[in-house]
Amino acid sequence: MSTFDVRARPRPTAGPLPILAACLLWGTTGTVSSFAPAPVPAAAVGAAGLVFGGLLLFLTARGTREVLRTADRRLLLLGAVTAAGYALAFYPAVARTGVAVATTVALATAPIVLGVRSRPLLTLVAVTGCAVLVLSGGGAHVDPVGVALALVAGLSYAAYSVVCAHLIGLGHPSRAVVGAVFGGASLLTAPVLWWLGAGWLATPAGLAVTAHLALVTTFLAYLLFGLGLRHTSAATATTLTLAEPAVAAVLGVVVLDERLPLASWFGTAVLALALAALSRP
């Protein structure tokens, strides 16, 4: 990771906090996606959010043309392909193997791949806390295809995080990098959305879900993520995003009146301590 880490001095207000704020927004994804019209394939829901959110990131970012002209186009293509791959793999993984297993595999893959070499103990503690939090509720269903899709999603997330961190570390504006990468991902995903069917977008539920996924969990969340990558390495950033299931769990308790077992609260506490340590310079 030495050639891809952002070398700027990490500052909580410039690095970890925007990433954790992005996690707060990503944590709403599962709850909101559940309101999509029932017959719609999970991949179509993820594709819709990325198509419109990615397009919005591209159109509103300054400097995207300069990034497209001067940055390594192979890296930009890799970032676009893997950003599209994450959305198209993660949502079907959730549909096949459930939120608990899919979230654990997808979110733990990137920190293990990127973070173990740089900060092994804190990374493994954070991954363990996340696994205890998500899986201790019982009723986990392990589907081999779903797990494989979640693994693809996790590796995709690691790849586009490294690409964005590297390009930002070279001096390109974070918003322009994110706009270029996710604009490309939007272009790649649009045919998939068309193939899966887009008629459901005209329904009130489909429109509301897509608007939230596009504006909140894609557009705003990835602006914050890119801002955080200016002062945070990709390894630390992907580990910090383990906070996402904790946010989702708390929202479930507060909004949906769900109950978490004691083990889940213990996992939350372990995860919070590890992320707090990672957030320090």
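Residues numbered from 1 in each chain as written. Predicted model: local features only at pLDDT ≥ 70, side-chain atom pairs only at ≥ 80, totals over all residues. Heavy atoms only, no water.

Details of helix 10 (residues 204–229)
At 3.6 residues per turn, the α-helix brings residues three or four places apart onto the same side.
Thinking step 1. For helix 10, spanning 26 residues, the distance from its first C-alpha to its last is 36 Å, which sits close to the expected 38 Å at 1.5 Å a residue.
Thinking step 2. At Ala221, helix 10 is deflected by roughly 30°, the largest bend along its length. (Helix = DSSP H or I, 4+ residues; strand = E, 2+ residues; numbered from the N terminus. Expected span 1.5 Å × (residues − 1). Bend = angle between axes of the 7 residues up to and from the residue.)

Some remarks on the nonpolar core
Thinking step 1. Residues Val45, Phe182, Tyr222 and Phe225 are the most contacted members of the largest nonpolar core, which totals 65 residues.
Thinking step 2. For this core, the secondary structure elements donating two or more residues are helix 1 (16–26), helix 3 (42–60), helix 5 (73–97), helix 6 (99–115), helix 8 (144–169), helix 9 (174–196), helix 10 and helix 11 (234–240). (Core = buried A, V, L, I, M, F, W, Y, C linked by side-chain atoms within 4.5 Å. Buried < 20%, exposed > 50% of the residue type's maximum accessible area, 1.4 Å probe, protein only.)

Observations regarding the pattern of salt bridges
Thinking step 1. The final tally for this structure, using the stated rule, is 2 salt bridges.
Thinking step 2. For Arg69, the salt bridge identified is with Glu66, shortest N-O distance 2.8 Å. In this pair, Arg69 and Glu66 both sit in helix 4 (residues 64–70), 3 residues apart, roughly one turn of the helix.
Thinking step 3. Given the relative accessible area of 40%, Glu66 is considered partly exposed.
Thinking step 4. Across the pair Arg74 and Asp72 runs a salt bridge whose closest N-O atoms are separated by 3.2 Å.
Thinking step 5. Arg74 gets classed as exposed once you look at its relative accessible area, which sits at 68%. (Salt bridge = Lys/Arg side-chain N within 4 Å of Asp/Glu carboxyl O.)

What about a nonpolar patch on the surface?
Thinking step 1. Where nonpolar side chains cluster on the molecular surface, the patch consists of Leu77, Val81 and Leu188 and spans about 250 Å² of accessible area.
Thinking step 2. Turning to its location among the elements, Val81 is positioned in helix 5.
Thinking step 3. What makes Val81 partly exposed here is its relative accessible area of 42%. (Patch = residues over 30% accessible without salt bridge, like charges linked within 9 Å, V, L, I, M, F, W, Y side chains within 5 Å. Areas by Shrake-Rupley, 256 points an atom, 1.4 Å probe, with all protein chains shown as cover.)

Describing the packing of aromatic side chains
Thinking step 1. This model, assessed by the stated rule, comprises 12 aromatic pairs.
Thinking step 2. Here Phe90 and Tyr91 contribute two aromatic rings whose centre-to-centre distance is 6.0 Å and whose plane-to-plane angle is 80°, an arrangement assigned as edge-to-face. The pair formed by Phe90 and Tyr91 is uniform in burial state, with each residue classed as buried.
Thinking step 3. Judged by centre distance (4.3 Å) and plane angle (40°), the ring pair of Phe182 and Tyr222 falls under tilted. Here Tyr222 lies in helix 10 and Phe182 lies in helix 9, a separation of 40 residues in the sequence. (Phe/Tyr/Trp six-rings, centres within 6.5 Å; stacked < 30°, edge-to-face > 60°.)

Concerning the packing of helix 1 against helix 10
Thinking step 1. Helix 10 packs onto helix 1 with a crossing angle of 165° between their chain directions and a minimal axis gap of 7 Å. What the angle tells us is that helix 1 and helix 10 run roughly antiparallel. Note that helix 1 runs across helix 10; the crossing there is left-handed. Across from Pro18, Ile19, Ala21, Ala22, Leu25 and Trp26 in helix 1, the residues of helix 10 making contact are Val216, Thr217, Leu220, Ala221, Tyr222, Leu224, Phe225, Leu227, Gly228 and Leu229.
Thinking step 2. In terms of residue class, the contact of helix 1 with helix 10 is built from 14 nonpolar, 2 polar and no charged. (Axes fitted to C-alpha atoms, helices over the stretch in contact; angles between N-to-C directions. Parallel < 35°, antiparallel > 145°, perpendicular 65-115°, else oblique. Left-handed = near helix turned anticlockwise from the far one by under 90°. Contact = heavy atoms within 4.5 Å. Nonpolar A, V, L, I, M, F, W, Y, C, P; charged D, E, K, R; others polar.)

Section: the confidence of the model for the protein chain
Thinking step 1. Residues of the protein chain with pLDDT of at least 70 account for 79%, and the chain-wide mean is 80.
Thinking step 2. No element of the protein chain has a lower mean pLDDT than helix 12 (residues 243–254), at 67, and none a higher one than helix 9, at 94.
Thinking step 3. Here residues 1–13 scores under 50 on pLDDT; set against residues more than four positions off or in separate chains, the count is 30 contacts. (pLDDT = per-residue confidence, 0-100.)

Observations concerning helix 9
Thinking step 1. With 23 residues, helix 9 should cover 33 Å at 1.5 Å per step; its first-to-last C-alpha distance of 32 Å lies within 8% of that length.
Thinking step 2. The largest bend in helix 9 is about 30°, located at Thr189, with the proline Pro191 one to four residues further on.

Observations concerning the side chain of Thr217
Thinking step 1. Tracing the sequence through the fold places Thr217 in helix 10.
Thinking step 2. With a relative accessible area of 5%, Thr217 lands in the buried category.
Thinking step 3. Of note is the side chain of Thr217, whose polar atom sits 2.8 Å from the backbone oxygen of Leu213.
Thinking step 4. When near neighbours in sequence (up to four residues on either side) are disregarded, Thr217 contacts Leu25, Trp26, Thr28, Thr29, His212 and Tyr222. (Polar contact = N/O pair within 3.5 Å; in protein donor to acceptor, adjacent residues only side chain to side chain.)

Focus: the environment of Leu107
Thinking step 1. Tracing the backbone through its elements, the reader meets Leu107 in helix 6.
Thinking step 2. Look past the residues within four positions of Leu107 in its chain and what remains in contact with it is Thr241, Leu242, Glu244 and Pro245.

A closer look at the packing of helix 3 against helix 9
Thinking step 1. Here helix 3 crosses helix 9 at 145°, and the two axes come no closer than 6 Å. Crossing of helix 3 over helix 9 shows left-handed handedness. Note on element contacts: helix 9 touches helix 3 through Arg175, Val178, Gly179, Ala180, Phe182, Gly183, Ala185, Ser186, Thr189, Ala190, Leu193 and Leu196, opposite Ala43, Ala44, Ala47, Ala48, Leu50, Val51, Phe52, Gly54, Leu55, Leu57, Phe58 and Thr60.
Thinking step 2. Classifying every residue of the contact of helix 3 with helix 9 gives 17 nonpolar, 6 polar and 1 charged.

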